[in-house]
Amino acid sequence: MISLEKLREEICTFDLFYQNTDSHKEWEKWNRLEKHIADKLSYISQDRRKQLINSLDEYGKRVWERYFNEEEMD
C-alpha cells in the first residue's frame, strides 16, 4: 500500500521551481521525482487523494496545484 505520509513528504519537499534551473542534472533529478510521485498518485483512490491534499501545508498545496492537480493529470 502506498504511504500517504511518504507522498505528503515528497510533495512538501519538492522543488517548486525546478523547471527554471540551469543545471540539467538538477532538472533530471526533479523531473524523475515528479514522474515518480505522479505514478504513485495514479494508484490511490479519490478518497485517499483527498486525504493527501488536506494534509498538505501551504507550500505542498502550491506544488500540488502546479504539478499534480487532478484536472491537469487527466
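Our subject in this report is the structure included herewith. Not measured: the values here are computed from a predicted model. Each chain has its residues counted from 1, running along the sequence as written. pLDDT decides what is reported in this predicted model: residues at 70 or higher carry local features, side-chain atom pairs at 80 or more are listed and counted, and totals for whole chains, interfaces and linings draw on all residues regardless. Side-chain numbers come from the whole structure's heavy atoms, not from hydrogens or water.

## Description of the overall build of the protein chain
Secondary structure summary: the protein chain contains five helices and zero strands in total. Reading the secondary structure of the protein chain in the N-to-C direction produces α-α-α-α-α. For 74 residues, the compact-globule estimate of 2.2 N^0.38 gives 11 Å, and the protein chain sits close to it at 12 Å. Projected onto its principal axes, the C-alpha coordinates of the protein chain cover approximately 40 × 25 × 25 Å. Within the protein chain, buried positions represent 34% of all 74 residues. Sequence-distant contacts, at least 24 apart, represent 67% of the contacts inside the protein chain between residues at least 6 apart. Elements are defined by DSSP. Helices are runs of H or I of four residues or more, strands are runs of E of two residues or more, and each kind is numbered from the N terminus. Each radius of gyration is computed over the set of C-alpha atoms, and the globule rule expresses the reference value as 2.2 Å times the number of residues to the power 0.38. For every residue, the accessible area obtained with a 1.4 Å probe (protein chains only) is divided by the maximum for its type, and the residue is called buried under 20%, exposed over 50%, and partly exposed between those limits. Contact definition: two residues touch when any of their heavy atoms are within 4.5 Å.

## Re the packing of aromatic side chains
Paired rings are identified among Phe, Tyr and Trp, the last through its six-membered ring, by centres lying within 6.5 Å, and are further divided according to the angle between planes into stacked (under 30 degrees), edge-to-face (over 60) and tilted (the rest). Counted under the stated rule, the structure contains eight aromatic pairs. Relative to tryptophan 27, the ring of tyrosine 18 lies with its centre 6.3 Å away and its plane at 45°, an arrangement referred to as tilted. Using a relative accessible area of 1% as the deciding quantity, one classes tyrosine 18 as buried. Judged by its relative accessible area of 31%, tryptophan 27 is partly exposed. Taken together, the ring pairs connect Phe14, Tyr18, Trp27, Trp30, Trp64, Tyr67 and Phe68 into an aromatic cluster.

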